[in-house]
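# Structure assessment
So you can see what is in the structure, the chains are spelled out below.
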Amino acid sequence: MPRLSFGSWVEDAVDWLQSNLTWIFDFIKTVLGGMYDGVNAVLGGGEPLLMAGIFAVIAFWLRGVIPAVATFAGFALIDSLALWDEAMATLSLVVVAAVITIVIAVPMGIWAARNSRVSAALRPVLDVMQTMPAFVYLIPGVMFFGVGVTPGVIATIVFAMPPGVRMTELGIRQVDSELVEAAEAFGTSPKHTLTRVQLPLALPTIMAGINQVIMLALSMVVIGGMAGAGGLGEKVYAAITQLQVGLAAESGIAVVILAMYLDRMTGALNERVSPLGRRAAAKVAAGARRLKFAHYKPGTAVAMTGVVVLALIAGGLNIAGSTDSKADQAGSADVGKGQKINLGYIPWDEGIASTYLWKEILEQRGYETGITQLDAGPLYSGVARGDIDFQTDSWLPTTHKDYWDKYSDQLDDLGSWYGPTSLELTVPSYVKGIDSLEDLKGQGKKFNGKIIGIESSAGMMGTLNKKVLKEYGLEGEYEVVSSSTSSMLAELNRSIKKKEPVVVTLWSPHWAYGKHDLKKLKDPKGAWGKGEEVHTVAHKGFAKKAPAVAKWLKDFKLTEKQLTSLENEIQNAGQGKEQDGVRNWLKKNSGVVDKLAPVPGGAGGSQQGKDAGKTVNMGYFPWDEAIASTYLWQNMLEDRGYSTTVKQLDPGPLYTGLAQGQLDVQFDSWLPTTHKDYWNRYKDNLTDLGSWYGPTSLELTVPSYVKGIDSLEDLKGQGKKFDGKIIGIESSAGMMGTLNKKVLKEYGLEGEYEVVSSSTSSMLAELNRSIKKKEPVVVTLWSPHWAYGQHDLKKLKDPKGAWGEGEQIHTVAKKDFAKDFPELTGWLKDFKLSEAQLASLEVEIQKGGAGEEKESARRWMDANPDVVAKLTPVGS
């Protein structure tokens with residue numbers, strides 16, 4: 001028989017569709033993507049436990065108390081496994097795909113039931129749709145729509161459609177013909193016969209079909225993870241390819257919980273919408289004499305009220321918790337300005353390591369990143385289409401030659417970042433007498449005639465089968481077993497534990513050579529060819545989209561030592577914590593970020609200090625200028641390669657910690673007055689590195705609407721107006737002692753006013769409350785302070801000079817600080833901030849809110865790029 005080129009015809013058809021109907025595919029992608037985003041925003045936007053409560057109320061309405069409790073427990077378990085976002089993404093895909101499928105399948109099933117010709121024509125089509133391997137649907141999906149949500153939804157619709165059509169047709173055909181004839185005899189129109197007789201009686205069967213549609217959609221959505229559909233499918237796929245048993249179990253449990261919930265709820269929905277179902281449910285409830293509460297189901301109105309209340313709470317919390325300001329992780333400058341960069345990778349170790357390294361670097365430089373794990377085929381297709389911006393694991397010219405040849409017109413090679421590599425066959429060192437590929441001949445029985453390979457799509461597998469085996473006469477004696485990288489490593493690990501002979505495909509560099517005692521089989525005939533280079537490949541136009549990133553990637557290089565140490569750090573961090581592994585590695589290699597991603601224009605943060613790598617322990621008490629200066633220096637020191645720790649303490653413990661050497665430095669010593677007692681007590685064990693701001697002023701302050709009070713002298717006789725209170729700060733503060741012992745006495749205010757000790761935050765809260773109510777209030781305050789910018793306040797004049805002269809804010813360190821940190825000592829001695837600089841820094845930190853101080857200081861640094869270079873000069 002002549003060779004039937006059916007496959008080539010299909011490829012020609014696909015090429016024609018890609019060339020001529022792109023606009024249709026783009027429109028479908030936009031519509032389906034928009035539907036998914038909308039559903040996911042609803043399901044994934046709320047607080048997890050509140051959303052679990054909504055699911056539980058639905059279960060209570062449909063099935064009763066016990067299923068509701070089980071539902072809440074199941075979804076709470078998903079949240080505790082840190083898989084909530086992925087589960088909601090998967091549920092969103094299922095909802096979108098199932099709704100579209102049902103909208104198409106049910107009318108088609110009705111049409112088939114009422115028209116035998118349509119039924120006959122549909123049957124073979126449905127057979128093909130249902131029996132075709134599910135993975136096949138992903139191929140055209142990726143080619144037409146790129147990687148992401150859309151190919152997953154399309155493949156799911158095609159795969160899940162048949163049972164919906166078949167069960168709808170079956171349900172209608174099974175309706176007793178005599179009932180249909182009776183309806184027609186009474187003059188019922190065909191339309192009303194369908195809607196009032198056939199559909200109500202066929203509803204249980206139709207609902208069973210809908211149930212199957214949803215379950216098949218869920219199973220296909222997981223497979224869709226291979227095409228970058230995200231959600232639990234991506235987690236399961238990552239677990240399979242990386243042989244992560246723990247992740248597989250956790251992700252599998254989450255899928256099972258979703259499946260059971262959807263199955264039980266759609267099954268129970270029949271009881272609510274079908275007359276036969278309601279009748280059966282009523283009979284069961286009537287026969288239940290014991291534990292009637294377990295069979296209780298609330299009415300639709302009650303259940304709907306519960307869902308609406310929980311949804312409103314969830315939405316309110318979501319709005320309250322949302323913020324327009326994203327945590328800015330930019331390193332020394334916000335180069336990215338939030339631009340989205342999509343990265344893809346094949347689950348090979350160097351691909352994982354380099355991809356997560358660049359994810360971290362880009363986020364530190366102010367970019368937003370998306371990351372997707374894919375097989376080589378979908379990955380190259382996604383990059384060529386522009387769905388993925390770049391990937392860092394192209395092995396050229398051999399391993400990925402086929403993909404490069406196919407897509408080279410749509411790709412840009414940004415150059416090699418590692419090489420040369422080597423491909424090899426490898427055996428454990430305990431396998432004696434096998435040191436070269438030549439030694440394998442005649443030893444097939446020892447290895448059960450198998451060479452354990454990796455993905456069949458990998459170029460090295462083609463080289464092995466077509467060249468290496470032939471060159472060494474191993475054809476027929478050995479079978480190359482295609483599997484995956486993770487499966488190959490698992491087989492290697494299993495064989496080593498049992499001390500069994502095994503020969504596997506491997507390459508250098510690879511962390512397996514550090515974990516196991518292995519031998520690379522020599523290749524005297526050079527059958528493997530020359531070593532390859534690992535390239536970064538981007539889509540056409542990427543350099544125009546992100547010129548800074550493209551330049552960084554062109555200059556990207558890692559040594560073998562750097563790459564293997566990075567891979568080992570990621571291995572040690574464990575599955576799901578790849579970026580944590582990268583961060584740990586970057587801490588040990590502090591200059592890498594600035595070297596790989598230097599800031600355009602030289603913002604001053606790309607150079608390392610002479611003492612980079614040392615740890616500086618900083619302390620502060622919660623005064624605004626202390627918070628501002630401490631987090632400013634934390635950012636600057638980390639930019640210069642130092643490690644830092646920051647602790648908040650009261651002044652007493654802080655000075656004690658400095659004197660004992662447990663802390664290195666603090667930036668908020670008010671001298672010579674406020675912190676005089678602490679300085680006098682500990683000065684023999686401290687170092688004064690000088691003043692960075694001053695003079696300051698201490699004062700009593702009132703809102704500007706308090707008329708007639710402009711000086712401390714005006715307070716006398718006005719105690720009733722202020723309820724006899726002056727709102728103070730921490731009792732330990734020196735200004736509180738000055739106020740009580742000197743200021744009140746000097747102006748004759750003793751007995752008339754009580755100084756209320758509180759805290760800085762409590763004082764500010766009372767000031768804010770009083771201003772909102774337009775009530776008179778007098779508070780302790782100092783300059784500079786952000787409150788003068790937020791409120792319209794009056795500093796009460798001190799004509800008698802009772803507060804004394806203004807103070808200076810000093811940097812104070814432990815005694816041996818200059819010896820331990822010579823470079824930093826020089827920087828701190830020259831440290832100065834103007835009133836405008838300090839005020840704007842404090843305002844930025846106030847805008848950021850509690851817990852975001854470091855990020856807020858970073859934003860201020862980005863807006864004042866010359867500050868870093870001025871305050872922490874290097875290279876001079």
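The following paragraphs examine the structure supplied in this document. From a predicted model like this one, the values you see are computed outputs, not experimental measurements. (Residues numbered from 1 in each chain as written. Predicted model: local features only at pLDDT ≥ 70, side-chain atom pairs only at ≥ 80, totals over all residues. Heavy atoms only, no water.)

### A few points about the packing of aromatic side chains
In total, this model carries 26 aromatic pairs according to the counting rule given. With centroids separated by 6.2 Å and ring planes inclined at 55°, the aromatic side chains of Trp417 and Tyr418 adopt a geometry described as tilted. A relative accessible area of 7% places Tyr418 in the buried class. Measuring from centroid to centroid gives 5.8 Å for Tyr620 and Tyr631, while their planes differ by 65°, and the two rings are edge-to-face. Of this pair, Tyr620 sits in strand β11 (residues 615–620) while Tyr631 sits in helix α27 (residues 624–639), and the two are 11 residues apart along the sequence. Of the residues examined, Tyr631 reaches a relative accessible area of 12% and is grouped as buried. Through pairs of rings, three or more aromatic residues link up here, namely Trp633, Phe667, Trp692, Tyr693 and Phe831. Lying across the ring of Tyr513, Lys520 places its NZ or CZ 4.8 Å from the centre. (Phe/Tyr/Trp six-rings, centres within 6.5 Å; stacked < 30°, edge-to-face > 60°. Buried < 20%, exposed > 50% of the residue type's maximum accessible area, 1.4 Å probe, protein only. Helix = DSSP H or I, 4+ residues; strand = E, 2+ residues; numbered from the N terminus. Lys NZ or Arg CZ within 6 Å of the ring centre and 35° of its normal.)

### So, the pairing of strand β1 (residues 340–345)
The pairing of β1 with strand β2 (residues 368–373) spans six bridges and is classified as parallel. Its bridge partner lying in β2, Ile341 is registered against Thr369. (Pairing = 2+ DSSP bridges.)

### Examining unusual backbone geometry
Cis geometry is adopted by the peptide bond preceding Pro672, which originates at Leu671 and carries an omega value of 15°. By the element assignment, Pro672 lies in the loop between β13 (665–671) and α29 (676–682). Here the amide bond leading from Gly694 into Pro695 is cis, since omega sits at -5°, within 30 degrees of zero. Take Pro695: it is sitting in the loop between β14 (686–693) and β15 (697–703). Here Asn448, not a glycine, exhibits a phi torsion of approximately 55°, which is positive. Given the relative accessible area of 65%, Asn448 is considered exposed.

### With respect to the environment of Val812
Its place among the elements puts Val812 in strand β20 (residues 808–814). For Val812, a relative accessible area of 0% translates into the label buried. Expressed as a C-alpha distance, the spacing of Val812 and Leu686, which sit 126 residues apart in the sequence, is 6.8 Å. Each residue touching Val812, except ones within four places of it in the same chain, is listed here: Leu658, Val665, Gln666, Ser669, Trp679, Leu686 and Thr687. (Contact = heavy atoms within 4.5 Å.)

### Observations regarding the side chain of Glu625
Counting through the fold element by element, Glu625 comes out in helix α27. For the buried Glu625, no salt bridge is present, and the opposite-charge side chain at shortest range is Lys795, 13 Å distant. Ignoring any residue separated from it by four or fewer positions in sequence, one finds Glu625 in contact with Asp668, Trp670, Trp692, Trp782, Ile809, Leu838 and Glu842. (Lys, Arg positive; Asp, Glu negative; His and termini not counted. Salt bridge = Lys/Arg side-chain N within 4 Å of Asp/Glu carboxyl O.)

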